[in-house]
There are 2 protein chains.
Amino acid sequence: VQQQHLAELQQTLAELHPADIAYILEALPLDDRLTVWQLVRVENDGEILLEVSDAVRETLIADMDEHEMIAAAKDLDADELADLAPELPRDVVQGLMESLDDQQREQVRSALSYKDDQVGAIMDFEMVTIREDVTLEVVLRYLRRLKELPDQTDKLFVVDVAGLLKGVLPIKRLLVNDPDCMVHEVMATDPVTFSPDEDGSYAAQAFERYDLVSAPVVEKSGRLLGRLTVDEMVDLIREESESEALNRAGLREEEDIFASVWKSLQNRWAWLAINLITAFVASRVIGLFEHSIEKLVALAALMPIVAGIGGNSGNQTITMIVRAMALDQLSTGNSSRLLRKELGVAFINGVIWGGVIGLVAWLLYDSWSLGLVMTAAMTLNLLLAALMGVLIPMTMVRLGRDPALGSSVLITAMTDSGGFFIFLGLATIFLL
Amino acid sequence: VQQQHLAELQQTLAELHPADIAYILEALPLDDRLTVWQLVRVENDGEILLEVSDAVRETLIADMDEHEMIAAAKDLDADELADLAPELPRDVVQGLMESLDDQQREQVRSALSYKDDQVGAIMDFEMVTIREDVTLEVVLRYLRRLKELPDQTDKLFVVDVAGLLKGVLPIKRLLVNDPDCMVHEVMATDPVTFSPDEDGSYAAQAFERYDLVSAPVVEKSGRLLGRLTVDEMVDLIREESESEALNRAGLREEEDIFASVWKSLQNRWAWLAINLITAFVASRVIGLFEHSIEKLVALAALMPIVAGIGGNSGNQTITMIVRAMALDQLSTGNSSRLLRKELGVAFINGVIWGGVIGLVAWLLYDSWSLGLVMTAAMTLNLLLAALMGVLIPMTMVRLGRDPALGSSVLITAMTDSGGFFIFLGLATIFLL
């Protein structure tokens, strides 16, 4: 019976889109996942490996022998092979490279020579190129002979004999213009182009802004190298937003939801360790004031409020700034204006919410001076949070680093230690 | 001289893509923004208003009189008009509606009847429809007569006399097949379609998974209503990831970076107030143990460590779970397995990192029992964090709410109050 069920399952899988199979594999615990993986038809293996997340891909490749890997990879395009190559054993990659023709091998090498997030690593090589001195009728006949066009083909690339890009012929124009027109009469001569060493996220922003479906990638000399397509850009935008969310929470990378406990620990330790250090520093700041707390124990109960609100407010500021930086809306010209605005917001928040909590502290502990210290400490810590919320991402960028990375941990560390220091310091001076 | 500069600026603006002008407007402080806005040619105003963020759009519309608004909106498509309508004065919308023909007015009404994030509000009406019983040659001649095709047209929609969708004809197939073929011979009969009341983010996932450029939207009856295009899906994915990041930081909505202090305060108050309440609760938990802290002041210095690490670890868990939920990888079948994994990770982290910090506490305060309480409290708080990190988003979903909304605030509130209670409670029982 088990055998029969498996046969039925195999039947069903054979009818599914590779992207759907990838999705199913991701949602299955490891043992079930490998059972299903064995049932998938070999010719789909390559496509599926490209679709699944890195963490799941690792588990699937670990389950394959060399023959299966070669069978899975041999029908892939050069750019897809390059995506997969870093995760395959060296022998397998060697074997695959030898089976390619010269042009393809050159393409794989080229793609591997760029970093993951550069245009050169994301582009594909499935372009339809035409000459500018032919009629649209000739182009239409040429396309008919191709039998099939690459996916996402919304424009043809017009090149000269040397391979230099002269323009692009949008399919739209090919369809609505008189077939007797010449290509150079109807082509667009100033298309949006990208260079292979540009940043992929920059390209994604351009795709978004100009509603592109595909765009040519050219060398500095103007020679056509490959093309970018919107499906890759969509994946890139999604991946970026996910890795941002994961980084913010202190996860190094995407984690297979059914990963072993051991794998999960490795993924989560780096930031827990950093957090442990910042928490320890904050703890030592409190340690400086143990005598004050001994004399006035209410300080111990009130101090986390000052630190907590500062952290929340600092995270609001830093999120705004990092976002504005990602959209390139911040220049040195307007940064001082921005800092003044953030300090203004922090000051008003400090006086109002600090006032509220100061009043509560006064009523609770029957001490107006304690309430006043609370209000003052909240205001100062919110000002510190605003200052750091602007300065941290700006310094990160000046140091050439991603302003989002670790921003939340850093600002929280500052507002914790800073909040404890300001509150306990003021209390020690004015209350004891 | 000023006058001459403005003339030059106007010249430059006239040559820019509306999306580029929108980008420039967003990066300018309010007064400069309005100066530039006055220089933009009226026929571009509508496009630009659609491109800028909500916050910036508000500032631009506030600067326009009724005539300018009508001039800006009158050349827009029905779906674009529907996007803009909610932010225009009622009179202006009334006037614009009257200037439309019956079909367009119906389309605007239809688009306005759906919620912002439903397919019906995102779709456009610029479809090219053909019949199935004609040859490709006829289709090609028909397209040539249209003079222009809508952007993002990668397929034509095949409908019958009643407007029912029979299939789609990808442009690729139109180009490579023999012109004497009939449409029904080469069309795809099982395209991915969407219904107008579906969730936009569901559609975006389908576009991503199947690498779509455009797709038909059909009623239950099968009648063709409109189409979705990848450029709208890209915007949707970007907006979702942004609003997620903003929500996480406690910002209600996108904020114009040069917004007034007053506007910023409104945007940020809701969550600061919530945070104030949770911080106050945590403070009262500490208040319960003031006698213990008076006797052993080291507790005051150590307690933020227990709470802080718990918060960090809980945020890691909840980020993983929310992400798995967004990708639909979580079912009730596998949730207990997941909970066991998260508890396992938390336990090991607690023993190891709790052990480290316990050792440090022992050395620092020369009390092995204090170190032991520290380790035990860390472990218990991490277990609490893991449990809540799984339960909070699951409960949110069961209550029909977005699992990401406020997840970070909730988990931090639990690990703060919980951490203080566990640590001070254990210390009171075992150390005093």
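Data block above holds the structure.
Here is what the cut-offs are and how they apply
Residues numbered from 1 in each chain as written. Chains lettered and ligands numbered in written order. Predicted model: local features only at pLDDT ≥ 70, side-chain atom pairs only at ≥ 80, totals over all residues. Heavy atoms only, no water. Helix = DSSP H or I, 4+ residues; strand = E, 2+ residues; numbered from the N terminus. Rg over C-alpha atoms; globule rule 2.2 N^0.38 Å. Buried < 20%, exposed > 50% of the residue type's maximum accessible area, 1.4 Å probe, protein only. Contact = heavy atoms within 4.5 Å. Lys, Arg positive; Asp, Glu negative; His and termini not counted. Charge placed at Lys NZ, Arg CZ, Asp CG, Glu CD. Phe/Tyr/Trp six-rings, centres within 6.5 Å; stacked < 30°, edge-to-face > 60°. Lys NZ or Arg CZ within 6 Å of the ring centre and 35° of its normal. Core = buried A, V, L, I, M, F, W, Y, C linked by side-chain atoms within 4.5 Å. Salt bridge = Lys/Arg side-chain N within 4 Å of Asp/Glu carboxyl O. Nonpolar A, V, L, I, M, F, W, Y, C, P; charged D, E, K, R; others polar. Patch = residues over 30% accessible without salt bridge, like charges linked within 9 Å, V, L, I, M, F, W, Y side chains within 5 Å. Areas by Shrake-Rupley, 256 points an atom, 1.4 Å probe, with all protein chains shown as cover. Polar contact = N/O pair within 3.5 Å; in protein donor to acceptor, adjacent residues only side chain to side chain. Least-squares fit on C-alpha atoms with pLDDT ≥ 70 in both.

> Which residues make up the overall build of chain A, and what values do they have?
Scanning chain A for helices and strands turns up 21 helices and five strands. Computed over its C-alpha atoms, the radius of gyration of chain A comes to 30 Å, more than 25% above the 22 Å expected for a compact globule of 432 residues. Projected onto the principal axes, the alpha-carbon positions of chain A cover approximately 90 × 65 × 35 Å. Put simply, chain A has 432 residues, and 54% of those count as buried. Nonlocal contacts in chain A, meaning residues at least 24 apart in sequence, comprise 65% of its contacts between residues at least 6 apart. Charged side chains of chain A number 34 positive and 66 negative; the gap between the two group centres comes to 7 Å.

> Describe in detail the packing of aromatic side chains, supporting the description with residues and values.
Here a ring pair, both rings aromatic, is described through the centre-centre distance and the interplanar angle of the planes. Summed over the entire model, instances satisfying the criterion amount to eight aromatic pairs over all chains. When the centroid spacing of 6.2 Å and the interplanar angle of 90° are considered together, the rings of Trp262 of chain B and Trp269 of chain B count as edge-to-face. Its relative accessible area of 51% is what places Trp262 of chain B among the exposed residues. Considering the side-chain rings of Phe289 of chain B and Phe421 of chain B, the 5.9 Å spacing of their centres and the 70° angle between planes classify their relative orientation as edge-to-face. One end of the pair, Phe289 of chain B, is in the loop between helix H16 (261-288) and helix H17 (290-295); the other, Phe421 of chain B, is in helix H21 (residues 407-431), with 132 residues separating them in the sequence. What makes Phe289 of chain B buried here is its relative accessible area of 11%. Joined through ring pairs, the aromatic side chains of Trp262 and Trp269 of chain A together with Trp353 of chain B make up one cluster. Just above the ring of Tyr23 of chain B sits the side chain of Arg209 of chain A; from NZ or CZ to the centre is 4.2 Å.

> Residues and numbers for the nonpolar core, please.
Counting 106 residues, the largest nonpolar core has Phe194 and Leu228 of chain A together with Phe194 and Leu228 of chain B as its most contacted members. Beyond its immediate chain neighbours, meaning those up to four positions away, Leu228 of chain A contacts Val119, Ile122, Met123, Phe194, Ala203, Phe207, Val213, Ser214, Ala215, Val217 and Met233 of chain A. Residues Ala279 of chain A together with Leu299, Leu370 and Leu426 of chain B belong to the second largest nonpolar core, which totals 73 residues.

> Residue-level account of the environment of Arg109 of chain A, with values.
Turning to its location among the elements, Arg109 of chain A is positioned in helix H9 (residues 102-112). For the pair Arg109 of chain A and Leu424 of chain A, spaced 315 residues apart in sequence, the C-alpha to C-alpha distance is 61 Å.

> Outline the interface of chain B and chain A, supporting the account with residue identities and numerical values.
At the interface, 112 residues of chain B touch 112 residues of chain A. There are eight salt bridges connecting chain B and chain A. In terms of residues, the side of chain B that touches chain A owes the most to one element, helix H18 (residues 298-326) of chain B, which gives 18 residues. Its residues placed into classes, the side of chain B that touches chain A shows 60 nonpolar, 21 polar and 31 charged.

> With reference to specific residues and values, describe a negative patch on the surface.
Residues and elements named next belong to chain A. Taken together, the side chains of Asp83, Asp116, Asp117, Asp199 and Glu239 define an acidic patch exposed on the protein surface. Considering the arrangement of structural elements, one finds Asp116 in the loop between H9 and helix H10 (119-122). Accessibility expressed as a relative area gives 72% for Asp116, which makes it exposed.

> Before we move on, can you summarise the side chain of Thr415 of chain A with the specific residues and values?
Residue and element names in this part refer to chain A. The topology assignment puts Thr415 in helix H21 (residues 407-431). Overall, the relative accessible area of 1% leaves Thr415 in the buried class. Among the polar contacts listed, one links the side chain of Thr415 to the backbone oxygen of Thr412, at a separation of 3.2 Å. Leave out the neighbours within four places in its chain, and Thr415 touches Ala307, Gly310, Gly311, Asn381 and Ala385.

> For the relation of the copies chain B and chain A, give the residues involved together with the corresponding values.
Between the two copies, chain B and chain A, the superposition gives an RMSD of 0.0 Å; the rotation angle is 180° and the shift along the axis is 0.0 Å. The relationship between the two copies is best expressed as a two-fold rotation axis. Same-surface contact between copies: 100% of interface residues of chain B are shared with the interface of chain A.

> Tell me what's going on with the pattern of salt bridges, and back it up with residues and numbers.
Residue and element names in this part refer to chain A. Scanning all chains against the criterion turns up 27 salt bridges over all chains. Note that Lys263 and Glu58 form a salt bridge whose closest N and O atoms lie 2.9 Å from each other. Of this pair, Lys263 sits in helix H16 (residues 261-288) while Glu58 sits in helix H5 (residues 54-62), and the two are 205 residues apart along the sequence. Residue class for Lys263 comes out partly exposed when judged on its relative accessible area of 43%.

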